[in-house]
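Structural overview
Here is how the chains run, residue by residue.
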Amino acid sequence: QVHLAESGGGLVQPGGSLRVSCVVSGSPIHFYSMAWFRQTPGKQREWVAHLRPTGTANYLDSVKGRFTISRVNVEKTVYLQMNNLQPEDTAVYYCNRISAQSTEPLWHWGQGTQVTVSS
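The structure presented is a predicted model; accordingly, all values stated were derived computationally and were not measured. (Residues numbered from 1 in each chain as written. Predicted model: local features only at pLDDT ≥ 70, side-chain atom pairs only at ≥ 80, totals over all residues. Heavy atoms only, no water.)

Notes on the sheet that holds strand 10 (residues 113-117)
Spatial strand order, 2-10-9-4-5-6: six strands in an open sheet with mixed pairing. Edge positions in the sheet fall to strand 2 (10-12) and strand 6 (57-59), since each of these pairs with one other strand and no more. Geometrically, the sheet is characterised by an average inter-axis angle of 25° between neighbouring strands, direction not taken into account. The pairing of strand 9 (residues 91-98) with strand 10 spans three bridges and is antiparallel. In the strand pairing of strand 10, Val92 is matched with Gln114. (Pairing = 2+ DSSP bridges. Helix = DSSP H or I, 4+ residues; strand = E, 2+ residues; numbered from the N terminus. Axes fitted to C-alpha atoms, helices over the stretch in contact; angles between N-to-C directions.)

As structure tokens, this is what we get:
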């Protein structure tokens, strides 16, 4: 059974940076597209970024130029480097495998990691 363990969140001031991590157990990841999502209370979980096995990355418009998704396949870990964080980035961040043709998540969700951007 696949298990996703996100970590690295915290409280940061506007303009600050954080790197969140996602360790996958129970499956390799090198063949898969991996993504980050986020969710705030009362809203649906939204896709933030994904990284195809080819190395192609795509980002939500509002995070382009600020966030970078990366992966270390041998460690089965996916990262999201977040720079110039803004209050609207406050959310619980989750990772997941997505389908090859869309951003539909395919695995059960982990517990997520809380990112709070506030002065």
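Still more to cover.
Some thoughts on the packing of aromatic side chains
As enumerated under the stated definition, the model contains three aromatic pairs in all. A ring pair is formed by Tyr32 and Trp107, whose centres lie 5.9 Å apart and whose planes are at 85°; its orientation type is edge-to-face. Here Tyr32 is found in the loop between strand 3 (18-25) and strand 4 (33-39), whereas its partner Trp107 is found in the loop between strand 9 and strand 10, with 75 residues between them in sequence. Judged by its relative accessible area of 22%, Tyr32 falls in the partly exposed class. Look at Phe37 and Trp109: their rings are 5.1 Å apart centre to centre, the planes differ by 85°, and that puts the pair in the edge-to-face class. (Phe/Tyr/Trp six-rings, centres within 6.5 Å; stacked < 30°, edge-to-face > 60°. Buried < 20%, exposed > 50% of the residue type's maximum accessible area, 1.4 Å probe, protein only.)

Comments concerning unusual backbone geometry
Phi is positive for Lys76, which is not a glycine, with a value near 50°. Mapped onto the elements of the fold, Lys76 is located in the loop between strand 7 (67-72) and strand 8 (77-82). The exposure class assigned to Lys76 is partly exposed, which follows from its relative accessible area of 27%.

Let's talk about the pattern of salt bridges
Using the criterion set out here, one finds four salt bridges in the structure. Where Asp61 meets Lys64, a salt bridge forms, and the shortest distance between an N and an O atom there is 3.1 Å. Judged on exposure class, the residue Asp61 and its partner Lys64 are both exposed. Residue Arg66 pairs with Asp89 through a salt bridge whose shortest N-O separation is 2.7 Å. A residue pair is termed long-range when its members are at least 10 positions apart, and Arg66 in the loop between strand 6 and strand 7 and Asp89 in the loop between strand 8 and strand 9 qualify at 23 residues. The buried category is assigned to Arg66, whose relative accessible area is 13%. Beyond isolated ion pairs, a larger network of salt bridges with shared partners links Arg38, Glu46, Arg66 and Asp89. (Salt bridge = Lys/Arg side-chain N within 4 Å of Asp/Glu carboxyl O.)

Concerning the state of the cysteines
In protein structure, a disulfide is the covalent linkage between the sulfur atoms of two cysteines. Under the counting rule described, the total for this entry stands at one disulfide. Disulfide pairing is shown between Cys22 and Cys95; the S-S distance is 1.7 Å. Separated by 73 residues along the polypeptide, Cys22 in strand 3 and Cys95 in strand 9 bring together distant segments of the chain. An identical accessibility class is assigned to Cys22 and Cys95; each is buried. (Disulfide = S-S within 2.5 Å.)

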